[in-house]
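# Inside the fold
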Amino acid sequence: KDLTAKLDEMTADVEFITERSPVIVADYRRRLEDKVRELLEESTLDDGRIFQEVPIYADKVSVDEELVRLRSHIDATRKALEGNEGIGRKLDFIAQEMNREANTILSKANDLATSNHAIELKTEIEKVREQIQNIVNHSGSKLLFIGDFAVKTIDPETMPALEAIINLPDFSLFISRSEKITYAR
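None of the values given here were measured: they were computed from a predicted structure.

Calculation rules
- Residues numbered from 1 in each chain as written.
- Predicted model: local features only at pLDDT ≥ 70, side-chain atom pairs only at ≥ 80, totals over all residues.
- Heavy atoms only, no water.
- Helix = DSSP H or I, 4+ residues; strand = E, 2+ residues; numbered from the N terminus.
- Buried < 20%, exposed > 50% of the residue type's maximum accessible area, 1.4 Å probe, protein only.
- Contact = heavy atoms within 4.5 Å.
- Areas by Shrake-Rupley, 256 points an atom, 1.4 Å probe, with all protein chains shown as cover.
- Pairing = 2+ DSSP bridges.
- Axes fitted to C-alpha atoms, helices over the stretch in contact; angles between N-to-C directions.
- Expected span 1.5 Å × (residues − 1).
- Arc of directions from axis to C-beta.
- Core = buried A, V, L, I, M, F, W, Y, C linked by side-chain atoms within 4.5 Å.
- Polar contact = N/O pair within 3.5 Å; in protein donor to acceptor, adjacent residues only side chain to side chain.
- Salt bridge = Lys/Arg side-chain N within 4 Å of Asp/Glu carboxyl O.

What the chain contains, in helices and strands, is six helices and three strands. Walking the chain from its N terminus toward its C terminus, one meets helices and strands in the order α-α-α-α-α-β-α-β-β. Considering the chain as a whole, with its 185 residues, one finds that 37% of them fall into the buried category. Relative to all contacts within the chain whose residues are 6 or more apart in sequence, the contacts with residues 24 or more apart total 50%. Accessible surface for the chain amounts to roughly 10,900 Å². Of this, 52% is attributable to carbon and sulfur atoms.

The next subject is the sheet that holds strand E1 (residues 143-146). Spatial ordering of the open sheet is given by E1-E2-E3, a layout of three strands whose pairing is mixed. Whereas interior strands pair on both sides, the edge strands pair on one side only; in this sheet they are E1 and strand E3 (173-176). Each adjacent strand pair in this sheet contributes to an overall mean axis angle of 10°, direction not counted. Pairing geometry for E1 and strand E2 (residues 164-167), over four bridges, is parallel. When the sheet's bridge partners are listed, Phe145 is paired in E2 with Ile166.

Let us now look at the environment of Glu126. Relative to the helices and strands, Glu126 resides in helix H5 (residues 112-137). The exposure class assigned to Glu126 is partly exposed, which follows from its relative accessible area of 29%.

Helix length check: helix H3 (residues 64-82) (19 residues) gives 27 Å between terminal C-alpha atoms against 27 Å at 1.5 Å per residue, within 8%. Where H3 is concerned, the buried positions are Glu66, Leu67, Leu70, His73, Ile74, Thr77 and Ala80. Relative to the axis of H3, the buried residues are bounded by an arc of 150° and lie together on one face. Turned more than 90 degrees from where H3 packs its buried face, Glu65, Val68, Lys79 and Glu82 sit exposed.

Here we take up the nonpolar core. Among the nonpolar cores identified, the biggest contains 21 residues, and Met10, Met98, Ile105 and Leu121 are the most heavily contacted of them. Elements that contribute at least two residues to this core include exactly helix H1 (2-40), H3, helix H4 (88-108) and H5. The greatest single-element share of this core, amounting to six residues, is contributed by H4. Ignoring anything within four residues of it in the chain, the contact list for Met10 reads Ile74, Met98, Leu121, Glu124, Ile125 and Val128.

Here we take up the side chain of Ser62. Considering the arrangement of structural elements, one finds Ser62 in the loop between helix H2 (47-58) and H3. In this structure the side chain of Ser62 is engaged in a polar contact, spanning 3.4 Å, whose partner is the side chain of Asp64. Each residue touching Ser62, except ones within four places of it in the same chain, is listed here: Val25 and Lys108.

Turning our attention to the pairing of E2. Burial along E2 is two-sided: Ala164 and Ile166 facing one way and Ile165 and Asn167 facing the other are all buried. Here E2 runs beside E3; their pairing, made up of three bridges, is antiparallel. When the bridges of E3 are listed, Ile165 appears paired with Ile175. Linking two consecutive strands that pair antiparallel, namely E2 and E3, is a turn of five residues; a positive phi of about 60° is found at Phe171 within it.

Looking now at the pattern of salt bridges. Within this structure, the stated rule accounts for 13 salt bridges. With a closest N to O distance of 2.6 Å, Arg20 and Asp111 form a salt bridge. Within this pair, whereas Arg20 is found in helix H1, its partner Asp111 is found in the loop between H4 and H5, the two being separated by 91 residues in sequence. Classification of Asp111 by relative accessible area gives buried; the value is 13%. As a salt-bridge pair, Arg100 and Glu97 come within 2.2 Å of each other at their nearest N and O atoms.

Purely geometric stuff here, so don't read any function into it on its own.
Put into structure tokens, the structure is as follows:
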């Protein structure tokens, strides 16, 4: 239930940023056009060509794609929590991807309200990630495949059945308690 509540908070932050995003892009575009006009007042450059470029640069502050992916990751997390299969590795990966999207939104934010919600979003993602780690740490897993995002928080001592931890990005072996598992490639 606590994970679901955190997902609800994340969804609220995503919705706020979604509603704010068109205003930010339009404002950035207006400021960019004003600045270009100011610079062109005494220039012989082609106004038409420059103003064709303004929308391209204005789109660079757009976070629409990141918001779509975040919504998708939140939905995937909800579905995984509703399922009956092992979810630790899957949720860890999803949390890692959500963190990447939130970082991108924060780096593109040029608006205080959006920045604040992006920071709140990152905070909630971190809380979700911690809860996912608690699920993973207290599971009876013998073999764990995790990403770089989770390796710092896994406590093998709380997992007595664990035989090995393998890093997903490069399939390197983090930990092996078994003589049978000496390499992961």
